[in-house]
Amino acid sequence: MEDGKRRHHCRACELFIYENPLPVVAVVCVNSKNEILLIKRAQQPSVGKWALPSGFIELHEPSQKAAVRELFEETGVRGKIVSLLGVFSRSGTFYKSLLTVCYLVKVTGGRLRRTPETLDCGFFPISKLKPIIFRTHRDALKRSLELIKKI
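Residues numbered from 1 in each chain as written. Predicted model: local features only at pLDDT ≥ 70, side-chain atom pairs only at ≥ 80, totals over all residues. Heavy atoms only, no water.

A. Broad picture of the side chain of Arg41. As for its placement among the helices and strands, Arg41 is situated in strand β4 (residues 36-41). Although Arg41 lies buried, it forms no salt bridge, and the closest oppositely charged side chain, Glu74, sits 5.3 Å away as judged by the N-O distance. A distance of 3.4 Å separates a polar side-chain atom of Arg41 from the backbone oxygen of Gln43. The residues contacting Arg41, other than those within four sequence positions of it, are Ser46, Val47, Gly48, Lys49, Ala51, Ser54, Glu117, Leu119 and Phe134. (Helix = DSSP H or I, 4+ residues; strand = E, 2+ residues; numbered from the N terminus. Buried < 20%, exposed > 50% of the residue type's maximum accessible area, 1.4 Å probe, protein only. Lys, Arg positive; Asp, Glu negative; His and termini not counted. Salt bridge = Lys/Arg side-chain N within 4 Å of Asp/Glu carboxyl O. Polar contact = N/O pair within 3.5 Å; in protein donor to acceptor, adjacent residues only side chain to side chain. Contact = heavy atoms within 4.5 Å.)

Have a look at this one:
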C-alpha cells in the first residue's frame with residue numbers, strides 16, 4: 001500500500017510501479033472554408049469510425065510537435081497550432097486511461113491523402129460532420145467552435 005492505494009511493488013528494489021495514463025494528442029484542423037478535417041480510423045480501437053486526427057505523444061516530444069506530426073502522418077496535411085483547446089481524461093476498455101491534449105490547428109499546406117492509419121479522410125462543413133466516436137474528440141470540437149469563427 002502507498003498513499004492509501006494498492007500498487008504494484010518491486011520487492012527487490014523497493015520501488016513502486018505506477019500505472020499512468022497514456023499521453024495522446026488530438027487535432028481540430030480547420031481549412032480556409034472553416035471545414036473540419038476528420039479521419040476514418042484504420043487501426044484499433046474503433047476501426048472504421050470517424051474521429052479527429054490523433055495519436056500518441058512520443059517520449060521527450062512536446063505535445064505541440066506531436067499534434068502537427070500526427071496530423072501529417074494521418075492525413076498528409078500540414079498545419080499550425082492556433083490554440084490549446086484543453087486536456088481531457090478518458091478511461092476505456094482498449095486503453096485503461098488516456099490523457100488527451102487537444103489543439104485547434106489551421107491548415108498551412110500539404111496534400112490531403114489516405115495513409116496506413118486512415119481508411120478515409122476529408123474536410124466537412126460543421127453542419128455536415130460525421131458522427132465522431134470518441135467523447136474527448138467531441139468535447140474538443142465543441143470547445144473549438146467559437147474559436148473557429150474568429151480565424
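B. Quick peek at empty space enclosed by the protein. According to the stated counting rule, one finds one cavity of 30 Å³ or more in the structure shown. Counted as a void, the largest cavity has a volume near 40 Å³. Surrounding the largest cavity, Pro45, Arg90, Ser91, Gly92, Phe94, Tyr95 and Leu98 form its lining. A per-class count over the lining of the largest cavity returns four nonpolar, two polar and one charged. (1 Å grid on protein atoms, 1.4 Å probe; cavity = no way out; pocket = protein on both sides within 12 Å on 5 of 7 lines; lining within 4 Å. Points joined across faces, edges and corners; volume = space filled by probe spheres on them. Nonpolar A, V, L, I, M, F, W, Y, C, P; charged D, E, K, R; others polar.)

C. Inspection of the pattern of salt bridges at higher detail. Under the defined criterion, the tally for this structure stands at five salt bridges. The partner of Arg69 in a salt bridge is Glu61, and the shortest N-O contact between them spans 2.7 Å. As far as the burial class goes, Arg69 and Glu61 line up, both buried. When the shortest N-O distance is used, the salt bridge between Glu70 and Arg69 registers 3.0 Å. Residues participating in the shared-partner salt-bridge network are Glu61, Arg69, Glu70 and Glu73.

D. Examining the environment of Gly109 more closely. Among the structural elements, Gly109 can be located in strand β8 (residues 97-110). Sequence-wise, Gly109 and Thr75 are 34 residues apart; in three dimensions their C-alpha atoms are separated by 11 Å. If near-sequence neighbours (up to four positions away) are discounted, Gly109 is found in contact with Val77 and Arg78.

E. Structural detail: a nonpolar patch on the surface. On the surface, Leu84, Val87 and Leu99 cluster together into a nonpolar patch covering about 250 Å² of accessible area. Within the element layout of this structure, Leu84 appears in strand β7 (residues 77-91). On the accessibility criterion, Leu84 (49% relative accessible area) is partly exposed. (Patch = residues over 30% accessible without salt bridge, like charges linked within 9 Å, V, L, I, M, F, W, Y side chains within 5 Å. Areas by Shrake-Rupley, 256 points an atom, 1.4 Å probe, with all protein chains shown as cover.)

F. Examining the environment of Pro131 more closely. Summarising the element assignment, Pro131 is placed in the loop between β9 (118-124) and α2 (135-150). Placed 79 residues apart in sequence, Pro131 and Leu52 show a C-alpha to C-alpha distance of 11 Å.

G. Focus on the nonpolar core. In this structure, Val28, Ile36, Leu38 and Ala140 are the most contacted members of the largest nonpolar core, which totals 16 residues. If we ignore the near neighbours within four places in the chain, the residues touching Leu38 are Trp50, Ala51, Leu52, Asp120, Cys121, Gly122, Phe124, Leu129, Lys130 and Ile132. Of all hydrophobic cores here, the second largest spans 14 residues; its members include Val27, Ala66, Leu71 and Cys121. (Core = buried A, V, L, I, M, F, W, Y, C linked by side-chain atoms within 4.5 Å.)

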